[in-house]
Amino acid sequence: MLNYLEILDRANSGPYLAEENWDLEKVAMTTKRLVKKYKLEWNQNELVTDDASLSDAIYNAGYELAVTLGSYSRTTERVIEISQDEIDNGIRNAPQNVVMGEGKDARTLYARHLNDERAPLFFGGSPGTPIPERFFLANVMSYMQEPLIDLATCGTLVEVDGREVRTGNPIEIVSTRRELQYMRQGLKRVGRAGMGMLAAQSSVSELGDLAAAHPDYLRSCDSHLVPMLNELKMDHRNISRAVNSLEYGMVNASLPCVIVGGLGGGPAGSAVINVASYLIANITCLADYHILHPIHMRHIATSTRDVLWVINATGQAFARHAPEIIVADIYPKSGAGTKELLYETAANAIVNAVSGCHLEGCGAADGNAPNCSGLEARLMAEVALATHKMKMSLKEANAFVLQLLPKYEHVFTQDGNPGKPFDEVYDLQKVQPLDFWQKMYEEVKTELKEMGLKV
Amino acid sequence: MSENPYVQALVEAVIDGDPEASTEAAQSALDSNVDPLEILNEGLMTGADEVGKRFENGEYFLPELMLAGRALKAAMEVVKPSLVKKYEGTDNKVKGRVVSATIQTDIHDIGKNIVSSMLTAAGYEVTDMGVDVPIKSIIDKAEEIGAQVICLSALLTTSMPFMKDLIETLKARGIREKFIVLVGGASVNEDWAKHIGADGTARNAADAVKVVHTLVSA
């Protein structure tokens, strides 16, 4: 495996290239050429494809992109060159099993195959969503207490002790540690102290991440994010996060949020970039697992047709060719207290589950407002498990999703559908959904059953 | 719509994002005595409008937008001296000068890049300072180039307070009235813009161009 100091050396001494030229001449032009070469096309009515040759082509195009380009350091404006052998070693050495958490609450994340006999695992929480301190604890407990949730994640604290949190400011250290204090407290209170976490979400720069690598906060059996920058780029801040895990031993979750409609153009090019990103992240992020979170250029949400297609294409490409551990985020447009949130969650859960991924969610309301709760995470897990137990074929999955889309697609043409904040959909003392929200969930579940989903 | 074949070729070159073709067409148009203002308005701007429309309709993506910006810039290099020569103060034909930046501590730039490209395509002279730009540098640059507009971008909620700090710094330096300050980003909304005393915000890049047009011409 490539020594990490070697990556730093290459970031400091690789060929100089202006960032705009990396973006346009390297990433955009090469991707465009590969989409043409491999004849890649997306189909807005076949969001889950059972065309193995399409999956082959997407994987091969992504592999060629990674081998052709390598990565880029925004800090030094230099190309981080990575050889084909190194990419191949990265694939060979990609972890197939990672234990997270400890004791009776420990879970083993594994590289999923298509039609895997084992059920997917579920991260519960609203990753990256700004959450006020006054209900942060109750909010995270609403997910942790759900029996189907295996692993915990959370939003971002936007204020501590009444003070606004600012990135890179000393208060980021306080907020990240406070977040982890609440997380650990929440796990104890729901009787699952050993549950593994993907946390330190309040660490927007590397500062909080460095401050939280301590057994009292983020344990070595927990994971943290090592983001890539759009597209195929790193910087010293994010490299610091990976380096921070070297001796301490935290689990690294790579996070390349490919922009669908960005440098890759449409969905096909975006899937190619997503595949390449994971192959690069094996090396530059020291990834133990990958987060699959394509972002729609206009709508942000993961529940749009084109993003669902990218999730399926990327997940399948790895599940068929080179299984790695992939956790697919659910980021619906709608917020808590709306039926659309539940339909979006169901559609996303089906796609993520049949595409060889584990699931994480939900970043309701685009992850922009604290309008999220454990109830939609319960539905996410129920739908994905039903999909798994029914041994749903790719074709059947596509048919279910096409039935769900008309129930929520209007939210993309209206002025959002943010719903209500957590404290207006849950009883904060009992940490239980309010009646109207519980009723909505039950109604949607009944509809899903009537559609033939065994939830 | 100009009937001159070189101006029409210029429109196509911008739409195709081809800097070589746009340079060649602009030069040919000048050589055949087409008014530089016609080249600007009927050629470059018409092409840019079409690119903007295609982007909005989802036919074009970010690379096409960036390439169109390059084609536009290259042709402007050719046309600008003739414009300045022919029209007194033609430099002011530029619709306005804009400084754009992703605010300090934030490194997300896709949205900012799109707005910069679309403003350039719409005829503004845009100085894009990149990401993680300190407040002081943004203000100094705006002063230096005589900008009318400062466009600030932030994706991270924990970077958004620095937008407020920039406005407060402008006030403290007694130069708040010199600049139109616009803020944008996934988590930025009208309430936030109002709260921090910004002059406006927009939900997407196309709206951002409209807001800049409106405020600059007010």
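Attention in this report is confined to the structure presented alongside it. Treat the numbers as computed from the prediction; the structure is a model and nothing was measured.

Turning to the pattern of salt bridges, a few remarks are in order. Counting across every chain of the model gives 42 salt bridges over all chains. A salt bridge links Glu117 of chain A to Lys391 of chain A; the shortest N-O distance between them is 3.7 Å. With Glu117 of chain A in the loop between β4 (107-110) and β5 (122-124) and Lys391 of chain A in the loop between α12 (374-389) and α13 (394-408), this pair connects stretches of sequence that are 274 residues apart. The burial state of Glu117 of chain A is the same as that of Lys391 of chain A; both residues are exposed. Note that Asp128 of chain B and Lys112 of chain B form a salt bridge whose closest N and O atoms lie 2.9 Å from each other. Note that Asp128 of chain B is positioned in strand β2 (residues 125-128) and Lys112 of chain B in helix α5 (residues 110-121), a separation of 16 residues in sequence. By relative accessible area, Lys112 of chain B is classed as buried at 6%. Taken together, the shared-partner salt bridges connect Glu19, Asp23, Arg74 and Lys233 of chain A into one network.

Glycine aside, the phi torsion of most residues is negative, and most peptide linkages are trans. Residues and elements named next belong to chain A. Put simply, Asn230 and Glu231 share a cis peptide bond, and its omega is -20°. Considering the arrangement of structural elements, one finds Glu231 in the loop between β12 (223-227) and β13 (233-234). The omega angle of the peptide bond from Gly361 to Cys362 is 10°, so this bond is cis rather than trans. By the secondary structure assignment, Cys362 is in the loop between β19 (358-361) and α12.

A word on the sheet that holds strand β2 (residues 78-80) of chain A. All names here are of chain A. In spatial order, the strands read β2-β1-β13; together these three strands make up an open sheet with mixed pairing. Only two strands of the sheet have a single neighbouring strand rather than two, namely β2 and β13. Pairing analysis gives three bridges linking strand β1 (residues 71-73) to β2, with the strands arranged antiparallel. Counterpart to Tyr72 in the pairing with β2 is Val79.

Residues and elements named next belong to chain A. Tallied over the full model, the rule gives nine aromatic pairs over all chains. Aromatic pair Tyr278 and Phe318: ring centres 5.5 Å apart, planes at 50°, arrangement tilted. Taken together, the residues Tyr278 in helix α9 (residues 267-284) and Phe318 in helix α10 (residues 305-321) connect sequence positions 40 residues apart. For the pair Tyr278 and Phe318, a shared accessibility class is recorded, and that class is buried. Between Tyr408 and Phe412, the ring centres sit 6.2 Å apart and the planes meet at 80°, which makes this aromatic pair edge-to-face. Taking relative accessible area as the criterion, Tyr408 reaches 0% and is therefore assigned buried. Using a relative accessible area of 12% as the deciding quantity, one classes Phe412 as buried.

Listed per partner, the contact involves 29 residues of chain B and 34 residues of chain A. With both sides pooled, the region where chain B packs onto chain A buries about 2,600 Å², and carbon together with sulfur makes up 57% of that total. It is Arg70, Ile107 and Thr158 of chain B that lose the most area in chain B upon contact with chain A, and together they represent 24% of the buried surface on that side. One can count five salt bridges joining chain B with chain A. Between Arg237 of chain A and Asp132 of chain B there is a salt bridge whose closest N-O contact spans 3.4 Å. The interface formed by chain B and chain A contains 11 residue pairs in polar contact (both at pLDDT 80 or more). Elements with a minimum of two residues in the side of chain B that touches chain A: α3 (36-56), α4 (62-86), α5 and α7 (161-172) of chain B. When residues in the side of chain B that touches chain A are grouped by element, the largest group, six residues, is from α4 of chain B. Taken together, the residues that form the side of chain B that touches chain A break down as 15 nonpolar, six polar and eight charged.

Rules used in this analysis
- Residues numbered from 1 in each chain as written.
- Chains lettered and ligands numbered in written order.
- Predicted model: local features only at pLDDT ≥ 70, side-chain atom pairs only at ≥ 80, totals over all residues.
- Heavy atoms only, no water.
- Salt bridge = Lys/Arg side-chain N within 4 Å of Asp/Glu carboxyl O.
- Helix = DSSP H or I, 4+ residues; strand = E, 2+ residues; numbered from the N terminus.
- Buried < 20%, exposed > 50% of the residue type's maximum accessible area, 1.4 Å probe, protein only.
- Pairing = 2+ DSSP bridges.
- Phe/Tyr/Trp six-rings, centres within 6.5 Å; stacked < 30°, edge-to-face > 60°.
- Contact = heavy atoms within 4.5 Å.
- Buried area = accessible area lost by both parts, 1.4 Å probe.
- Polar contact = N/O pair within 3.5 Å; in protein donor to acceptor, adjacent residues only side chain to side chain.
- Nonpolar A, V, L, I, M, F, W, Y, C, P; charged D, E, K, R; others polar.

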